[in-house]
Amino acid sequence: MIIDGKAFAAALRAEVATGVALLSRVPGLAVVLVGSDPASAVYVRSKGKACREAGMASFEHPLPAETSQADLVALVHQLNADPAVDGILVQLPLPDHIDANAIIAAIDPEKDVDGFTPENAGRLATGLEGFVPCTPLGAMMMLKATRGDLTGLEAVVIGRSNIVGKPMAALLLGESCTVTIAHSRTRNLPAVVRRADIVVAAVGRPEMVRGDWIKPGATVIDVGINRVDAAASDTGAKTKLVGDVAFAEAEAVAGAITPVPGGVGPMTIACLLKNTLTSAQRRER
Ligand SMILES: NC(=O)C1=CN([C@@H]2O[C@H](COP(=O)(O)OP(=O)(O)OC[C@H]3O[C@@H](n4cnc5c(N)ncnc54)[C@H](OP(=O)(O)O)[C@@H]3O)[C@@H](O)[C@H]2O)C=CC1
Ligand SMILES: Nc1nc(=O)c2c([nH]1)NC[C@@H]1CN(c3ccc(C(=O)N[C@@H](CCC(=O)O)C(=O)O)cc3)C=[N+]21
Ligand SMILES: [Mg+2]
(Lines give C-alpha, C1' and ligand atoms only; values in the text may rest on other atoms or scores of the structure.)
(Ligands and ions follow the chains in the order given, each with its own letter.)
Protein backbone atom coordinates (compact mmCIF):
# COMPACT_ATOMS: atom_id res chain seq x y z
CA MET A 1 0.00 0.00 0.00
CA ILE A 2 1.26 3.44 -0.93
CA ILE A 3 0.60 6.13 1.68
CA ASP A 4 -0.85 9.10 -0.19
CA GLY A 5 0.83 12.11 1.42
CA LYS A 6 -0.82 14.50 -1.01
CA ALA A 7 -4.28 13.30 0.06
CA PHE A 8 -3.40 13.50 3.78
CA ALA A 9 -2.02 17.00 3.20
CA ALA A 10 -5.10 18.15 1.28
CA ALA A 11 -7.35 16.99 4.13
CA LEU A 12 -5.22 18.72 6.77
CA ARG A 13 -5.05 21.92 4.75
CA ALA A 14 -8.84 21.96 4.41
CA GLU A 15 -9.12 21.52 8.19
CA VAL A 16 -6.68 24.41 8.69
CA ALA A 17 -8.64 26.64 6.30
CA THR A 18 -11.79 25.97 8.34
CA GLY A 19 -9.97 26.97 11.53
CA VAL A 20 -8.56 30.11 9.91
CA ALA A 21 -12.05 31.22 8.86
CA LEU A 22 -13.16 31.15 12.52
CA LEU A 23 -10.48 33.61 13.65
CA SER A 24 -11.09 37.33 13.99
CA ARG A 25 -7.87 38.15 12.13
CA VAL A 26 -5.73 36.74 9.33
CA PRO A 27 -2.86 34.58 10.65
CA GLY A 28 0.56 35.41 9.23
CA LEU A 29 3.62 33.31 8.50
CA ALA A 30 6.98 35.01 7.92
CA VAL A 31 9.44 33.05 5.79
CA VAL A 32 13.06 34.18 5.73
CA LEU A 33 15.28 32.92 2.92
CA VAL A 34 18.96 33.86 2.87
CA GLY A 35 20.66 33.36 -0.50
CA SER A 36 19.27 31.84 -3.66
CA ASP A 37 19.51 28.06 -3.39
CA PRO A 38 17.06 26.98 -6.14
CA ALA A 39 15.59 24.04 -4.16
CA SER A 40 14.95 26.33 -1.17
CA ALA A 41 13.35 28.93 -3.42
CA VAL A 42 10.94 26.31 -4.81
CA TYR A 43 10.03 25.23 -1.31
CA VAL A 44 9.51 28.81 -0.09
CA ARG A 45 7.23 29.55 -3.05
CA SER A 46 5.07 26.49 -2.43
CA LYS A 47 4.73 27.48 1.24
CA GLY A 48 3.57 30.96 0.23
CA LYS A 49 0.96 29.49 -2.09
CA ALA A 50 -0.25 27.02 0.55
CA CYS A 51 -0.58 29.89 3.05
CA ARG A 52 -2.74 31.98 0.76
CA GLU A 53 -4.94 28.98 -0.12
CA ALA A 54 -5.55 28.41 3.60
CA GLY A 55 -6.52 32.07 4.09
CA MET A 56 -3.26 33.05 5.77
CA ALA A 57 -0.85 35.86 4.97
CA SER A 58 2.65 34.98 3.90
CA PHE A 59 5.41 37.53 4.49
CA GLU A 60 8.43 36.61 2.44
CA HIS A 61 11.85 38.00 3.33
CA PRO A 62 14.39 37.10 0.65
CA LEU A 63 17.84 38.30 1.73
CA PRO A 64 21.17 38.32 -0.10
CA ALA A 65 23.61 35.48 0.62
CA GLU A 66 26.05 37.96 2.20
CA THR A 67 23.55 39.08 4.88
CA SER A 68 25.36 39.35 8.22
CA GLN A 69 24.39 37.31 11.25
CA ALA A 70 23.65 40.53 13.16
CA ASP A 71 21.26 41.75 10.45
CA LEU A 72 19.49 38.39 10.40
CA VAL A 73 19.09 38.40 14.19
CA ALA A 74 17.72 41.94 13.93
CA LEU A 75 15.11 40.81 11.39
CA VAL A 76 14.08 37.90 13.64
CA HIS A 77 13.65 40.32 16.56
CA GLN A 78 11.53 42.59 14.37
CA LEU A 79 9.32 39.61 13.40
CA ASN A 80 9.09 38.52 17.05
CA ALA A 81 7.62 41.95 17.86
CA ASP A 82 5.28 42.16 14.84
CA PRO A 83 1.67 41.41 15.87
CA ALA A 84 0.74 40.40 12.30
CA VAL A 85 3.26 37.55 12.44
CA ASP A 86 2.13 34.32 14.13
CA GLY A 87 4.83 32.05 12.75
CA ILE A 88 8.49 32.55 11.83
CA LEU A 89 10.40 30.17 9.60
CA VAL A 90 14.05 30.76 8.75
CA GLN A 91 14.81 28.44 5.86
CA LEU A 92 17.75 26.08 6.51
CA PRO A 93 20.52 25.56 5.65
CA LEU A 94 21.97 29.04 6.19
CA PRO A 95 25.23 30.25 4.60
CA ASP A 96 28.41 29.10 6.37
CA HIS A 97 29.23 32.52 7.87
CA ILE A 98 25.98 32.42 9.89
CA ASP A 99 25.61 30.33 13.05
CA ALA A 100 22.22 28.67 12.54
CA ASN A 101 21.91 27.88 16.25
CA ALA A 102 22.22 31.56 17.12
CA ILE A 103 19.45 32.47 14.64
CA ILE A 104 17.14 29.69 15.82
CA ALA A 105 17.66 30.71 19.45
CA ALA A 106 16.59 34.28 18.57
CA ILE A 107 13.12 33.13 17.45
CA ASP A 108 10.33 33.66 20.00
CA PRO A 109 9.35 30.08 21.00
CA GLU A 110 5.70 31.12 20.77
CA LYS A 111 6.20 31.91 17.06
CA ASP A 112 8.54 28.97 16.40
CA VAL A 113 6.22 27.02 14.07
CA ASP A 114 9.19 24.89 12.90
CA GLY A 115 9.65 23.66 16.48
CA PHE A 116 13.42 24.19 16.23
CA THR A 117 14.11 26.42 19.27
CA PRO A 118 15.75 24.86 22.34
CA GLU A 119 12.55 25.68 24.27
CA ASN A 120 10.32 23.65 21.92
CA ALA A 121 12.89 20.85 21.49
CA GLY A 122 13.02 20.60 25.30
CA ARG A 123 9.25 20.58 25.51
CA LEU A 124 9.06 17.67 23.06
CA ALA A 125 11.81 15.78 24.90
CA THR A 126 10.05 16.21 28.27
CA GLY A 127 6.51 15.57 27.04
CA LEU A 128 5.26 19.16 27.43
CA GLU A 129 3.03 20.86 24.90
CA GLY A 130 4.86 22.95 22.32
CA PHE A 131 5.50 23.26 18.62
CA VAL A 132 6.58 19.95 17.09
CA PRO A 133 8.80 20.04 13.96
CA CYS A 134 6.62 19.78 10.86
CA THR A 135 8.28 16.85 9.10
CA PRO A 136 8.17 14.43 12.07
CA LEU A 137 4.67 15.68 12.96
CA GLY A 138 3.38 14.93 9.47
CA ALA A 139 5.14 11.57 9.40
CA MET A 140 3.56 10.64 12.75
CA MET A 141 0.06 11.61 11.56
CA MET A 142 0.43 9.31 8.54
CA LEU A 143 1.86 6.50 10.70
CA LYS A 144 -1.04 6.62 13.14
CA ALA A 145 -3.59 6.77 10.34
CA THR A 146 -1.95 3.76 8.69
CA ARG A 147 -1.18 1.58 11.75
CA GLY A 148 -3.43 2.78 14.55
CA ASP A 149 -1.93 2.17 17.99
CA LEU A 150 1.87 2.00 17.75
CA THR A 151 2.46 0.63 21.26
CA GLY A 152 5.27 -1.90 21.47
CA LEU A 153 6.29 -1.67 17.82
CA GLU A 154 9.98 -1.68 16.90
CA ALA A 155 10.84 1.64 15.24
CA VAL A 156 14.15 2.42 13.57
CA VAL A 157 14.90 6.04 12.66
CA ILE A 158 17.87 6.46 10.32
CA GLY A 159 19.32 9.94 10.89
CA ARG A 160 19.84 11.98 14.05
CA SER A 161 19.43 15.60 12.94
CA ASN A 162 17.73 18.10 15.23
CA ILE A 163 15.13 18.85 12.57
CA VAL A 164 14.06 15.32 11.61
CA GLY A 165 15.70 12.28 13.24
CA LYS A 166 15.74 13.32 16.91
CA PRO A 167 12.21 14.79 17.07
CA MET A 168 10.89 11.79 15.08
CA ALA A 169 12.43 9.43 17.64
CA ALA A 170 10.90 11.47 20.48
CA LEU A 171 7.43 11.24 18.92
CA LEU A 172 7.77 7.47 18.41
CA LEU A 173 8.89 7.06 22.01
CA GLY A 174 5.86 9.11 23.05
CA GLU A 175 3.69 6.51 21.26
CA SER A 176 5.46 3.75 23.25
CA CYS A 177 7.47 2.31 20.38
CA THR A 178 10.82 0.66 21.08
CA VAL A 179 13.02 3.19 19.32
CA THR A 180 16.44 2.81 17.75
CA ILE A 181 18.21 5.81 16.24
CA ALA A 182 20.75 4.84 13.58
CA HIS A 183 23.32 7.18 12.00
CA SER A 184 26.53 7.19 9.98
CA ARG A 185 28.46 5.37 12.72
CA THR A 186 25.89 2.59 13.17
CA ARG A 187 27.30 -0.89 12.58
CA ASN A 188 25.48 -3.28 10.27
CA LEU A 189 22.64 -0.91 9.40
CA PRO A 190 20.79 -3.48 7.22
CA ALA A 191 20.50 -5.85 10.21
CA VAL A 192 19.27 -3.02 12.46
CA VAL A 193 16.63 -1.98 9.91
CA ARG A 194 15.46 -5.59 9.45
CA ARG A 195 14.15 -5.58 13.06
CA ALA A 196 11.85 -2.66 12.39
CA ASP A 197 8.07 -2.65 12.18
CA ILE A 198 8.43 1.06 11.38
CA VAL A 199 11.35 2.47 9.39
CA VAL A 200 11.88 6.22 9.08
CA ALA A 201 14.66 7.14 6.65
CA ALA A 202 16.02 10.69 7.04
CA VAL A 203 19.52 10.47 5.67
CA GLY A 204 19.88 12.42 2.43
CA ARG A 205 21.38 9.52 0.42
CA PRO A 206 19.44 8.55 -2.69
CA GLU A 207 17.89 5.06 -2.48
CA MET A 208 20.29 3.92 0.25
CA VAL A 209 17.74 1.71 2.03
CA ARG A 210 17.28 -1.45 -0.05
CA GLY A 211 14.28 -3.73 -0.33
CA ASP A 212 16.04 -6.63 1.41
CA TRP A 213 16.55 -4.44 4.53
CA ILE A 214 12.80 -4.22 5.03
CA LYS A 215 10.94 -6.67 7.27
CA PRO A 216 7.89 -8.00 5.39
CA GLY A 217 4.82 -5.94 6.30
CA ALA A 218 6.79 -3.04 7.81
CA THR A 219 5.66 0.57 7.41
CA VAL A 220 8.29 2.70 5.66
CA ILE A 221 8.39 6.49 5.95
CA ASP A 222 10.80 8.00 3.44
CA VAL A 223 11.78 11.54 4.44
CA GLY A 224 14.63 11.88 1.95
CA ILE A 225 14.48 14.47 -0.82
CA ASN A 226 17.30 13.87 -3.29
CA ARG A 227 17.63 15.37 -6.74
CA VAL A 228 19.47 12.98 -9.05
CA ASP A 229 20.23 12.89 -12.77
CA ALA A 230 17.31 11.40 -14.62
CA ALA A 231 17.99 8.48 -16.96
CA ALA A 232 17.65 9.27 -20.67
CA SER A 233 14.65 6.94 -20.79
CA ASP A 234 12.84 8.96 -18.14
CA THR A 235 10.36 11.85 -18.42
CA GLY A 236 12.80 14.09 -20.27
CA ALA A 237 13.48 16.21 -17.20
CA LYS A 238 17.17 16.70 -16.37
CA THR A 239 16.75 15.70 -12.75
CA LYS A 240 14.27 13.64 -10.80
CA LEU A 241 13.41 13.47 -7.14
CA VAL A 242 14.08 10.26 -5.22
CA GLY A 243 13.91 9.37 -1.55
CA ASP A 244 16.38 7.64 0.76
CA VAL A 245 14.60 4.33 0.08
CA ALA A 246 14.78 2.25 -3.13
CA PHE A 247 11.06 2.58 -3.64
CA ALA A 248 10.26 -0.22 -6.13
CA GLU A 249 12.23 -2.80 -4.12
CA ALA A 250 10.86 -1.70 -0.75
CA GLU A 251 7.27 -1.41 -1.93
CA ALA A 252 7.30 -5.09 -2.84
CA VAL A 253 8.13 -6.06 0.78
CA ALA A 254 6.62 -3.30 2.93
CA GLY A 255 3.07 -3.27 4.25
CA ALA A 256 2.87 0.46 3.53
CA ILE A 257 5.32 3.06 2.21
CA THR A 258 5.42 6.79 1.50
CA PRO A 259 6.48 7.78 -2.03
CA VAL A 260 8.85 10.59 -3.03
CA PRO A 261 7.50 12.93 -4.24
CA GLY A 262 3.98 12.91 -2.80
CA GLY A 263 4.70 11.52 0.66
CA VAL A 264 6.25 13.33 3.61
CA GLY A 265 6.96 16.60 1.74
CA PRO A 266 3.38 17.77 1.20
CA MET A 267 2.49 16.85 4.79
CA THR A 268 5.42 18.95 6.05
CA ILE A 269 3.89 22.04 4.45
CA ALA A 270 0.39 21.22 5.70
CA CYS A 271 1.77 20.82 9.25
CA LEU A 272 3.50 24.19 8.96
CA LEU A 273 0.09 25.74 8.28
CA LYS A 274 -1.41 23.75 11.15
CA ASN A 275 1.26 25.04 13.56
CA THR A 276 0.74 28.60 12.34
CA LEU A 277 -3.01 28.28 12.93
CA THR A 278 -2.35 26.93 16.44
CA SER A 279 -0.09 29.91 17.11
CA ALA A 280 -2.75 32.36 15.94
CA GLN A 281 -5.41 30.59 18.03
CA ARG A 282 -3.23 30.89 21.14
CA ARG A 283 -2.74 34.58 20.44
CA GLU A 284 -6.45 35.32 19.98
CA ARG A 285 -8.68 36.27 22.87
N1 LIG B 1 10.30 15.94 3.21
C2 LIG B 1 10.63 16.91 4.03
O3 LIG B 1 9.77 17.66 4.41
C4 LIG B 1 12.01 17.07 4.50
C5 LIG B 1 12.99 16.31 3.91
N6 LIG B 1 14.27 16.40 4.35
C7 LIG B 1 15.24 15.48 3.71
O8 LIG B 1 15.52 14.44 4.64
C9 LIG B 1 16.86 14.03 4.54
C10 LIG B 1 17.54 14.20 5.90
O11 LIG B 1 17.51 15.56 6.27
P12 LIG B 1 18.29 16.11 7.58
O13 LIG B 1 17.87 15.34 8.76
O14 LIG B 1 18.18 17.56 7.55
O15 LIG B 1 19.80 15.68 7.15
P16 LIG B 1 21.19 15.82 7.92
O17 LIG B 1 22.20 15.83 6.86
O18 LIG B 1 21.14 16.89 8.92
O19 LIG B 1 21.27 14.43 8.70
C20 LIG B 1 21.47 13.22 8.03
C21 LIG B 1 21.60 12.09 9.01
O22 LIG B 1 21.83 10.88 8.28
C23 LIG B 1 22.95 10.20 8.83
N24 LIG B 1 23.66 9.47 7.79
C25 LIG B 1 24.42 9.97 6.79
N26 LIG B 1 24.95 8.98 6.07
C27 LIG B 1 24.53 7.82 6.63
C28 LIG B 1 24.76 6.46 6.34
N29 LIG B 1 25.52 6.06 5.31
N30 LIG B 1 24.20 5.54 7.13
C31 LIG B 1 23.41 5.91 8.17
N32 LIG B 1 23.14 7.19 8.50
C33 LIG B 1 23.72 8.13 7.73
C34 LIG B 1 23.82 11.27 9.46
O35 LIG B 1 24.59 10.67 10.47
P36 LIG B 1 25.66 11.50 11.37
O37 LIG B 1 24.81 12.25 12.36
O38 LIG B 1 26.48 10.44 11.99
O39 LIG B 1 26.40 12.39 10.42
C40 LIG B 1 22.78 12.25 9.99
O41 LIG B 1 22.38 11.92 11.28
C42 LIG B 1 17.45 14.89 3.42
O43 LIG B 1 17.30 14.17 2.20
C44 LIG B 1 16.56 16.11 3.39
O45 LIG B 1 16.52 16.73 2.13
C46 LIG B 1 14.62 17.21 5.40
C47 LIG B 1 13.68 18.00 6.00
C48 LIG B 1 12.31 18.02 5.57
N1 LIG C 1 13.36 26.07 8.54
C2 LIG C 1 13.13 25.04 7.72
N3 LIG C 1 12.03 24.30 7.87
C4 LIG C 1 11.78 23.24 7.03
O5 LIG C 1 10.75 22.54 7.19
C6 LIG C 1 12.70 22.96 5.97
C7 LIG C 1 13.83 23.79 5.86
N8 LIG C 1 14.04 24.80 6.75
N9 LIG C 1 14.75 23.56 4.90
C10 LIG C 1 14.54 22.55 3.88
C11 LIG C 1 13.71 21.40 4.39
C12 LIG C 1 13.10 20.57 3.27
N13 LIG C 1 11.68 20.73 3.41
C14 LIG C 1 10.74 20.27 2.48
C15 LIG C 1 9.40 20.51 2.60
C16 LIG C 1 8.50 20.10 1.63
C17 LIG C 1 8.91 19.43 0.52
C18 LIG C 1 7.94 19.01 -0.52
O19 LIG C 1 6.79 19.41 -0.51
N20 LIG C 1 8.37 18.18 -1.49
C21 LIG C 1 7.52 17.72 -2.58
C22 LIG C 1 8.24 17.84 -3.91
C23 LIG C 1 8.67 19.23 -4.25
C24 LIG C 1 9.57 19.26 -5.48
O25 LIG C 1 9.17 18.76 -6.54
O26 LIG C 1 10.69 19.77 -5.34
C27 LIG C 1 7.18 16.25 -2.36
O28 LIG C 1 7.94 15.57 -1.64
O29 LIG C 1 6.21 15.78 -2.93
C30 LIG C 1 10.25 19.14 0.39
C31 LIG C 1 11.15 19.55 1.36
C32 LIG C 1 11.42 21.53 4.47
N33 LIG C 1 12.53 21.94 5.08
MG1 LIG D 1 20.21 19.47 7.65
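Residues numbered from 1 in each chain as written. Chains lettered and ligands numbered in written order. Predicted model: local features only at pLDDT ≥ 70, side-chain atom pairs only at ≥ 80, totals over all residues.

Undergrad: Tell me about the domain arrangement of the chain, and please be specific about residues and values.
TA: For the chain, the assigned domains are domain 1 (24-109) and domain 2 (134-265). For domain 1 and domain 2, the distance between their C-alpha centroids amounts to 28 Å. (Domains from an automatic or database assignment.)

Undergrad: Break down the site of ligand 1 for me, with residues and values.
TA: The local shell around ligand 1 holds 25 residues, among which G159, S161, S184, G204 and T268 are the closest. Ranked by residue count, the leading element in the shell around ligand 1 is helix α10 (residues 264-283), at 3 residues. (Near = placed C-beta within 6 Å. Helix = DSSP H or I, 4+ residues; strand = E, 2+ residues; numbered from the N terminus.)

Undergrad: Any chance you could break down unusual backbone geometry for me, citing the residues and the numbers?
TA: Negative phi values dominate among residues other than glycine, just as trans dominates among peptide bonds. Of the consecutive residues L92 and P93, the connecting peptide bond is found in the cis state with omega at 0 degrees. Position of P93 relative to the elements: it lies in the loop between β3 (87-90) and α4 (100-106). Residue P261 is bonded to the preceding V260 through a cis peptide linkage, with omega at -5 degrees. Mapped onto the elements of the fold, P261 is located in the loop between β10 (256-257) and α10. The backbone of S176 shows a phi angle near 65 degrees, a positive value even though the residue is not glycine. Residue placement: S176 occurs in the loop between α7 (165-174) and β5 (178-182). Residue S176 is classed as exposed on the basis of its 12 C-beta neighbours within 10 Å. (Buried ≥ 20, exposed ≤ 12 C-beta atoms within 10 Å, placed from the backbone.)

Undergrad: Now, about the environment of A280: what can you tell me, with residues and values included?
TA: Mapped onto the fold, A280 is located in helix α10. With 22 C-beta atoms packed within 10 Å, A280 lands in the buried category. Residues A280 and V85, spaced 195 residues apart in sequence, show a C-alpha to C-alpha distance of 8.7 Å. Contact partners of A280, with chain neighbours within four places excluded, come to L23, P27 and D86. (Contact = placed C-beta atoms within 7 Å.)

Undergrad: Help me get a handle on the site of ligand 2, residues and values and all.
TA: Taken together, 18 residues are adjacent to ligand 2, and Q91, L92, P261, G265 and T268 come closest. Breaking the shell around ligand 2 down by element, the ones donating at least two residues are α2 (38-53), β3, α6 (134-147) and α10. Counting residues per element, the shell around ligand 2 draws most heavily on α10, which supplies 4 residues. Taken together, the residues that form the shell around ligand 2 break down as 12 nonpolar, 5 polar and 1 charged. Each of domain 1 (24-109) and domain 2 (134-265) accounts for three or more of the residues forming the shell around ligand 2. (Nonpolar A, V, L, I, M, F, W, Y, C, P; charged D, E, K, R; others polar.)

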